[in-house]
Amino acid sequence: MTRSDKKIVSSATPADSGNGHWTRLRPIIDSLADGIVIVDRGGQIRFANPAAARLFNRAATDLIGTPFGTPVVAGETTEMEIVQRGGGDVVHAELRVVDTDWEGDPVELVSLREITDRKRAEERARQLACEREARLEAEASSQAKSDFLAIMSHELRTPLNAILGYSELMELGISGDLTDSMRKQVGRIRVSAKHLLSLVNDILDLAKVEAGRLSVATVPSSVSEAVTSALTQIQPQAFAKNIDVALQSGLETLPSYVGDDERVRQILVNLLSNAVKSTAHGGKIGVDAALSESPGKARLQPRRSYVCIRIIDNGTGIPAEKLDAIFEPFVQAESGPTRSQEGSGLGLTIGRRLARAMGGDLTVVSEVGKGSTFSLWLAADVRVNSEHSSPGDNPDSAGQPSSSMKTIVNDNVEHQVRGLSEVANRVLAQLEPIVARIVGRIRSDPGIRMASSLRTSQIADHISTLIADMLSSLALIEEASGKPSQMLADAVEIQRLVSERHGTQRAKLGWTEVEMRREFMIIRDEVAQLVRQAVPPGGDLPVSTAVTALGRFVDQAEYVGVRSLERELGQ
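Remember, it's a predicted structure, so these values are computed and weren't measured experimentally. (Residues numbered from 1 in each chain as written. Predicted model: local features only at pLDDT ≥ 70, side-chain atom pairs only at ≥ 80, totals over all residues. Heavy atoms only, no water.)

Quick notes on the overall build of the chain
- Secondary structure assignment for the chain yields 16 helices and 14 strands.
- Counting all 571 residues of the chain, 45% fall into the buried class.
- Intrachain contacts of the chain at a sequence separation of at least 6 include 72% that bridge at least 24 residues.
- Carbon and sulfur atoms make up 52% of the accessible area of the chain, which totals about 28200 Å². (Helix = DSSP H or I, 4+ residues; strand = E, 2+ residues; numbered from the N terminus. Buried < 20%, exposed > 50% of the residue type's maximum accessible area, 1.4 Å probe, protein only. Contact = heavy atoms within 4.5 Å. Areas by Shrake-Rupley, 256 points an atom, 1.4 Å probe, with all protein chains shown as cover.)

Given below as structure tokens:
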């Protein structure tokens, strides 16, 4: 029998207590750690040892003659709460009762053992069990939500890719000539489908991050290549708003960062796209990077070197109270039904989580009306040395592009790109043998197991078209004097479409991501060799400019193709 709800508040009424024949046992009883109380048949305390006095927080003589406060039955073991006099603290005690005699009178001997620590441990264990159960329920709910988002995202992407693909084919005139009105409507379908597909991809990435299923690579990668690749993708947006994009010179001298190059480009494209959206027509955007050991507000490991890539705009800025909130899912700096910018509010959330998954961080400093500076921190592949300077005293400071930057579209660009058309034509003349060499290398490469059993037409699928359009894009760059143009934007779109189809086809043939990356490595190597040979010696065109320009297109094709392969394999 257990009664844990009894509370004792003792009031002192002194009474004499004789020892009788217990005199010989008194020293032993007084030294016991357990409290000993003698209670007569009337419920009055006849004796209490020092341990019992400590339990009640009263003198033993004060307890004698006072009511014990609860019935006691011989052979009973129960628990009770004792409210101590003075501080009002509550202690728990376990009671054991036996019958005995005291000076000739029948009494109960009550043994009191304090179990307060045990009761607190049991209560804590119950709380932990409840918390564990609640956590498991929350995790199960979160997992179910993530699984639902992942499944639904895949189901949505299939018809969206079909809508996007067929609309692009119609725009290219595959199904016949279109009137201007029809082309305009098809264009709207394509733009809407791309926007919706982007939202679905963001939701899927967020679901993967929250479910812990999104893996990132940690390999050394080029800062210059990541930045220039991202700039290539947002140039049409900036050109449409007449926004001047300035890029710091000397990025190629920076050490590599350690991370996932595809995910870094994804973050940079999102940051640049946001900068374009928030910057007014005719505004400015700056991009710079440097080594730094001063992380500022970034959540980074101390005494490590980081590459800090900054995106600086002179746009609307972000209110101080929203600087933290914008990194939460579905939150935007501008809210409400009248907001001027579209988007899901997931880009920055995914960007920060991806950056932190790679051991870096994503931070922001902004002032309303003056602009924002987003800083992407990535672990550097080498230690910081004095040869590299930071982009300013504070890498997170908002402001305009520094004087060390050079505008992408400037007076010197025309001179730098002169000769690209000649190089493109020379390489195009050797297109057939180029593709043959690429096919041969792919078939014999031990890292591409699937290729040895495929027909030549299956291996060469899309490669010829892709390379031809890339080389044509080189000519378009010189034709536009290095400036963004609609024809170049269209060429990039065609390359993206071909790359997507190529990735889908490779997935259907059973290729893996590693095998597809090996394929693009071979393509990049073969074409780069021919470009180097095609650059006239002693001319205005630097070999590095031609190779880098073509390399950007190959990088973008690889990125799109791999993403398409992943989507197809996921479905």
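Text resumes after the structure shown.
Observations regarding helix H15 (residues 513–534)
- Here H15 contains 22 residues, and its C-alpha end-to-end distance of 32 Å stays within 8% of the 32 Å for a straight helix at 1.5 Å per residue.
- For H15, the full list of buried residues reads Glu-515, Met-516, Glu-519, Phe-520, Ile-522, Ile-523, Glu-526, Val-527, Ala-528, Leu-530, Val-531 and Ala-534.
- Where H15 is buried, its residues meet helix H10 (420–428), helix H11 (431–444), helix H12 (456–460), helix H13 (463–479), helix H14 (486–508) and helix H16 (543–570). (Expected span 1.5 Å × (residues − 1).)

Describing the pairing of strand S4 (residues 77–83)
- Among the 7 residues in S4, 5 count as buried, and that is most of the element.
- With 7 bridges connecting them, S4 and strand S5 (residues 90–102) associate as antiparallel partners. Considered in S5, the bridge of Thr-78 is made with Leu-95. (Pairing = 2+ DSSP bridges.)

Regarding the nonpolar core
- Counting 50 residues, the largest nonpolar core has Val-427, Ile-438, Ile-442, Ile-467, Leu-474, Trp-511 and Val-531 as its most contacted members.
- Other than its neighbours up to four places away in sequence, Val-531 contacts Val-423, Val-427, Ala-546, Val-547 and Leu-550.
- Val-245, Tyr-257, Ile-311 and Leu-323 belong to the second-largest nonpolar core, a separate cluster that totals 45 residues. (Core = buried A, V, L, I, M, F, W, Y, C linked by side-chain atoms within 4.5 Å.)

What about the packing of aromatic side chains?
- Tallying each qualifying case throughout the model produces 0 aromatic pairs.
- Directly above the ring of Phe-327 sits Arg-352, whose terminal nitrogen or CZ lies 3.6 Å from the centroid.
- Stacked on the ring of Trp-511, the Lys or Arg Arg-506 has its end atom at 4.2 Å from the ring centre. (Phe/Tyr/Trp six-rings, centres within 6.5 Å; stacked < 30°, edge-to-face > 60°. Lys NZ or Arg CZ within 6 Å of the ring centre and 35° of its normal.)

A short note on unusual backbone geometry
- With phi around 55°, Asn-57 is a residue other than glycine that occupies positive phi space.
- With respect to the helices, strands and loops of the structure, Asn-57 is situated in the loop between helix H2 (50–56) and helix H3 (60–63).
- A positive phi angle is found at His-462, which is not glycine, with a value near 75°.
- Relative to the helices and strands, His-462 is located in the loop between H12 and H13.
- Since its relative accessible area comes to 21%, His-462 is described here as partly exposed.

Side note on the confidence of the model for the chain
- In the predicted model, the chain carries a mean pLDDT of 76, and the fraction of residues at 70 or more is 80%.
- Mean pLDDT per element in the chain: strand S14 (residues 405–407) is the minimum at 34, and strand S11 (residues 306–313) is the maximum at 91.
- Below a pLDDT of 50 lies the segment residues 1–19, which in the model reaches 56 contacts outside its immediate sequence neighbourhood of four places, other chains included.
- Here residues 335–340 scores under 50 on pLDDT; set against residues more than four positions off or in separate chains, the count is 4 contacts. (pLDDT = per-residue confidence, 0-100.)

Here we look at H13
- Helix length check: H13, at 17 residues, gives a terminal C-alpha distance of 25 Å against a target of 24 Å (1.5 Å per residue), a fit within 8%.
- Buried residues of H13: Ile-463, Leu-466, Ile-467, Ala-468, Asp-469, Met-470, Leu-471, Ser-473, Leu-474, Leu-476 and Ile-477, and no others.

Topic: the packing of helix H7 (residues 261–278) against H16
- Between H7 and H16, the shortest axis-to-axis distance is 11 Å and the interhelical angle comes to 100°. Taken together, H7 and H16 sit at an angle that is classed as roughly perpendicular. Every residue of H16 that contacts H7 at Glu-262, Arg-263, Arg-265 and Gln-266 is listed here: Asp-555, Tyr-559, Val-562 and Arg-563.
- For the contact of H7 with H16, the per-class residue count stands at 2 nonpolar, 1 polar and 5 charged. (Axes fitted to C-alpha atoms, helices over the stretch in contact; angles between N-to-C directions. Parallel < 35°, antiparallel > 145°, perpendicular 65-115°, else oblique. Nonpolar A, V, L, I, M, F, W, Y, C, P; charged D, E, K, R; others polar.)

Thoughts on the pairing of strand S3 (residues 45–48)
- Pairing between strand S2 (residues 35–40) and S3: 3 bridges, direction antiparallel. By the bridge assignment, Ile-38 is partnered in S3 with Phe-47.
- Taking the residues that link successive antiparallel strands as the turn, the S2-S3 hairpin has 4 residues, and the phi of Gly-43 there is positive, at about 85°.

Things to note about the side chain of Ser-167
- You can see Ser-167 is positioned in helix H4 (residues 116–171).
- The exposure class assigned to Ser-167 is buried, which follows from its relative accessible area of 3%.
- Those residues within four positions of Ser-167 in sequence are excluded, and the remaining contacts are Val-186, Ile-189 and Arg-190.

As for the packing of helix H6 (residues 223–240) against H7
- Contact geometry for H6 and H7: axes closest at 9 Å, N-to-C directions at 30°. In this structure, the crossing between H6 and H7 has a hand that is right-handed. Across the interface between the two elements, Ala-226, Val-227, Ser-229, Ala-230, Leu-231, Gln-233, Ile-234, Gln-237 and Ala-238 of H6 pack against Val-264, Arg-265, Leu-268, Val-269, Leu-272, Ser-273 and Val-276 of H7.
- Looking at the contact of H6 with H7 residue by residue, the classes come out as 11 nonpolar, 4 polar and 1 charged. (Left-handed = near helix turned anticlockwise from the far one by under 90°.)

With respect to the pattern of salt bridges
- Under the counting rule described, the total for this entry stands at 30 salt bridges.
- A salt bridge links Asp-288 to Arg-310; its shortest N-O distance comes to 2.8 Å. Of the two residues, Asp-288 sits in strand S10 (residues 284–292) while Arg-310 sits in strand S11, which places them 22 residues apart along the sequence. Exposure class is identical for Asp-288 and Arg-310. Each is buried.
- For Glu-558, the salt bridge goes to Arg-517, with nearest N and O atoms at 3.0 Å. Of this pair, Glu-558 sits in helix H16 while Arg-517 sits in helix H15, placing them 41 residues apart in sequence.
- You can call Glu-558 buried: its relative accessible area is 11%. (Salt bridge = Lys/Arg side-chain N within 4 Å of Asp/Glu carboxyl O.)

Considerations on a nonpolar patch on the surface
- Nonpolar side chains collect at one region of the surface, where Leu-25, Ile-28 and Leu-32 lie side by side and expose about 260 Å² of accessible area between them.
- With respect to the helices and strands, the residue Ile-28 is situated in helix H1 (residues 26–31). (Patch = residues over 30% accessible without salt bridge, like charges linked within 9 Å, V, L, I, M, F, W, Y side chains within 5 Å.)

Things to note about the side chain of Thr-116
- Structurally, the position occupied by Thr-116 is in helix H4.
- One polar contact links the side chain of Thr-116 to the main-chain amide nitrogen of His-92, over a distance of 2.9 Å.
- Among all residues touching Thr-116, those that are not within four sequence positions of it are Val-91 and His-92. (Polar contact = N/O pair within 3.5 Å; in protein donor to acceptor, adjacent residues only side chain to side chain.)

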